[in-house]
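# Examination of the molecular architecture
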Amino acid sequence: MTLKPFPYRLFGEIQVPGDKSISHRAVILGSISKGVTRVTNFLDGEDCMRTINAFRAMGVEIDKQGSTVKINGKGIEGLQEPSDVLYFGNSGTTTRLMLGILSGLPFFSNISGDDSLSKRPMDRVIIPLKEMGATIDGRNNGNLLPLAVRGGTLAGLDYTLPVKSAQVKSAIILAGLLAEGVTRVTEIAQTRDHTENMLEAFGADIERDGLTTTITNNANLQATDVQVPGDISSAAFFLSAAAIIPDSEITLKNVGLNPTRTGILDVLKAMKANLEISNIRTVSGESIGDITIKSSTLKATTIEGDIVPRLIDEIPIIALLATQAEGVTVIKDAEELKVKETDRIEAVVDVLSTLGARIKATDDGMIIHGKKPLNGGQVSSYHDHRIAMMAAIASLIASNDVTIDDVDSISVSYPSFFEHLNSIKGPA
Ligand SMILES: O=C(O)C1=C[C@@H](OP(=O)(O)O)[C@@H](O)[C@H](O)C1
Ligand SMILES: C=C(OP(=O)(O)O)C(=O)O
């Protein structure tokens, strides 16, 4: 796709699609509980469809009309052995969370994924799941897809996570729900807690104390309706665009504001973005609100430590923001970026330097020298949705055409991205 220079400002309102993490979890908990779960504002993206299709393949009736999903849960015992391989496409969240569930079910399953997913490490969940008694094998000594899971009885575990990962935490918590006895997971930094919030809403026996979550076996979750907040990780692209395109002002409605996800707002504030949050309320156990942002002169910042898991998926777009901020922005402690859909440190540095930014990769992040106008150029999205959207937003401030080799991956998390972008173009 070739994007022409953008003689517009951004103006208006967007309702960003439902949160990807929460949509996955609503399908999982709805499918293993008893009764009908209605999910509204579900993310109608490819990744979340992988989770729906996994449960359909295990016999769960799931009716999906656009972003409204009705799940007819029959409880854990209602799940049946899938007759074919479960294909998880590009979705790390589906894979890791489902490994937690599949390990504790009394049947065999096989999991495969696309090229990207087949390179992502799974031992981070498989090691603790094996400690709980799971039988899992796969390529590369059982670390890579395709994986085979012989589900069975699990025992509770007391585990301290070596990585800052909500997917690993959630896999163990979900396995803990099915395991005999008590499972305790301790994190080294707070990661997104949607699994814990939603388990509470579905009536699980779960307790939280600081960075430790304790879950007790309970096969009797009760269905409950879930209204999914707008995805702050999707909102981040337009928040950033409006911050750097002169004379812009946009409002993003009903965005999830769970504090474990709002690192991007803290960074925007630290960079002196002109940001206001209003209409804050709680829906389905999650905080949501409207965010209004106006363009302003941005300043560089440093991102490190415990904030990193609170903005991990936003780092590509934060790097673009930093190219337009006065001073040097340093991003550290973000080595997890190397095991996302692609090595996002390498991909971000490649795309932005091709467009003329002064950016350097480090072992655990990057260093970006602002404030540098961007040129046109030909870039690769590395088939990674967040890199493709970052490059598309970069084109809005580039002086010449930007050609992105492939933007199809955007449908993984934000199928209506270009439609929404076109809807907020205002005369310059
Ligand atoms: O739990 C989740 O829904 C997610 C957790 C994060 O991954 P990690 O757990 O690997 O950090 C994030 O990058 C991913 O987009 C979604
Ligand atoms: C890393 C991501 O997702 P996943 O791990 O589910 O593939 C993402 O959405 O940026």
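What you see is a predicted model; the values in this text were computed from it and never measured.

Owing to its 3.6 residues per turn, the α-helix aligns residues three or four sequence positions apart on the same side. Restricting attention to buried positions, one finds in helix 11 (residues 344-354) the residues Arg 344, Ile 345, Ala 347, Val 348, Val 349, Val 351 and Leu 352. Looking one or two residues beyond helix 11, the residue adopting positive phi is Gly 356, at roughly 100 degrees.

Attention now moves to the site of ligand 2. Looking at ligand 2, the residues that line it are Lys 20, Asp 47, Asn 90, Ser 91, Gly 92, Thr 93, Asp 313, Lys 340, Glu 341, Arg 386 and Ser 413. Two domains share the shell around ligand 2, each providing at least three of its residues, namely domain 1 (2-17 + 229-427) and domain 2 (20-227).

Our focus in this paragraph is the UniProt feature "binding site: phosphoenolpyruvate" (unreviewed entry) in the protein chain. Under the UniProt annotation, "binding site: phosphoenolpyruvate" (unreviewed entry) lies at Lys 20, Gly 92, Arg 120, Gln 167, Arg 344 and Arg 386. Following the sequence through the fold, Lys 20 ends up in helix 1 (residues 20-32). Lys 20 sits in the buried class, given 24 other C-beta atoms within 10 Å. Aside from chain neighbours lying at most four places away, what touches Lys 20 is Leu 43, Gly 45, Asp 47, Cys 48, Asp 231, Ser 233 and Ser 413. Mapped onto the elements, Gln 167 comes out in helix 6 (residues 166-178). With 22 C-beta atoms counted inside 10 Å, the residue Gln 167 sits in the buried group. Contact partners of Gln 167, with chain neighbours within four places excluded, come to Gly 92, Thr 93, Arg 96 and Leu 97.

The next point concerns the site of ligand 1. Within the structure, ligand 1 sits among Ser 21, Thr 93, Ser 165, Ala 166, Gln 167, Ser 170, Arg 192, Ile 312, Asp 313 and Glu 336. By residue number, the principal contributor to the shell around ligand 1 is helix 6, which donates 3 residues. Of the residues in the shell around ligand 1, the class split is 2 nonpolar, 5 polar and 3 charged. Split by domain, the residues of the shell around ligand 1 number at least three in each of domain 1 (2-17 + 229-427) and domain 2 (20-227).

Now for the domain arrangement of the protein chain. Segmenting the protein chain into domains produces domain 1 (2-17 + 229-427) and domain 2 (20-227). Computed over C-alpha atoms, the centres of domain 1 and domain 2 are 29 Å apart. Facing the 23 residues of domain 1 at the interface are 24 residues of domain 2. Class assignment of the residues belonging to the side of domain 1 that touches domain 2 gives a composition of 8 nonpolar, 9 polar and 6 charged.

To continue, consider the UniProt feature "binding site: 3-phosphoshikimate" (unreviewed entry) in the protein chain. Those residues carrying the UniProt feature "binding site: 3-phosphoshikimate" (unreviewed entry) are Lys 20, Ser 21, Arg 25, Ser 165, Gln 167, Asp 313 and Lys 340 in this numbering. Considering the arrangement of structural elements, one finds Ser 21 in helix 1. Take Ser 21: there are 28 C-beta atoms within 10 Å of it, and that puts it in the buried class. Excluding residues within four positions of it along the chain, Ser 21 makes contact with Thr 93, Arg 192 and His 194. With respect to the helices and strands, Ser 165 occurs in the loop between strand 10 (158-160) and helix 6. Exposure remark for Ser 165: the 22 C-beta atoms within 10 Å place this residue in the buried category. Apart from residues no more than four positions distant in its own chain, Ser 165 is found in contact with Arg 124 and Thr 191.

Quick look at unusual backbone geometry now. Backbone torsion omega between Leu 145 and Pro 146 reads -5 degrees, so that peptide bond is classified as cis. Of note, Pro 146 is situated in strand 9 (residues 144-150). Note the cis peptide between Gly 370 and Lys 371, where omega equals -10 degrees. By the secondary structure assignment, Lys 371 is in the loop between strand 21 (365-369) and strand 22 (377-379). Its identity as a non-glycine residue notwithstanding, Asn 41 has a phi of 55 degrees, on the positive side.

Reading the values: rules and limits
Residues numbered from 1 in each chain as written. Chains lettered and ligands numbered in written order. Predicted model: local features only at pLDDT ≥ 70, side-chain atom pairs only at ≥ 80, totals over all residues. Buried ≥ 20, exposed ≤ 12 C-beta atoms within 10 Å, placed from the backbone. Helix = DSSP H or I, 4+ residues; strand = E, 2+ residues; numbered from the N terminus. Near = placed C-beta within 6 Å. Domains from an automatic or database assignment. UniProt positions renumbered as here; feature names shortened; annotations may be inferred. Contact = placed C-beta atoms within 7 Å. Nonpolar A, V, L, I, M, F, W, Y, C, P; charged D, E, K, R; others polar.

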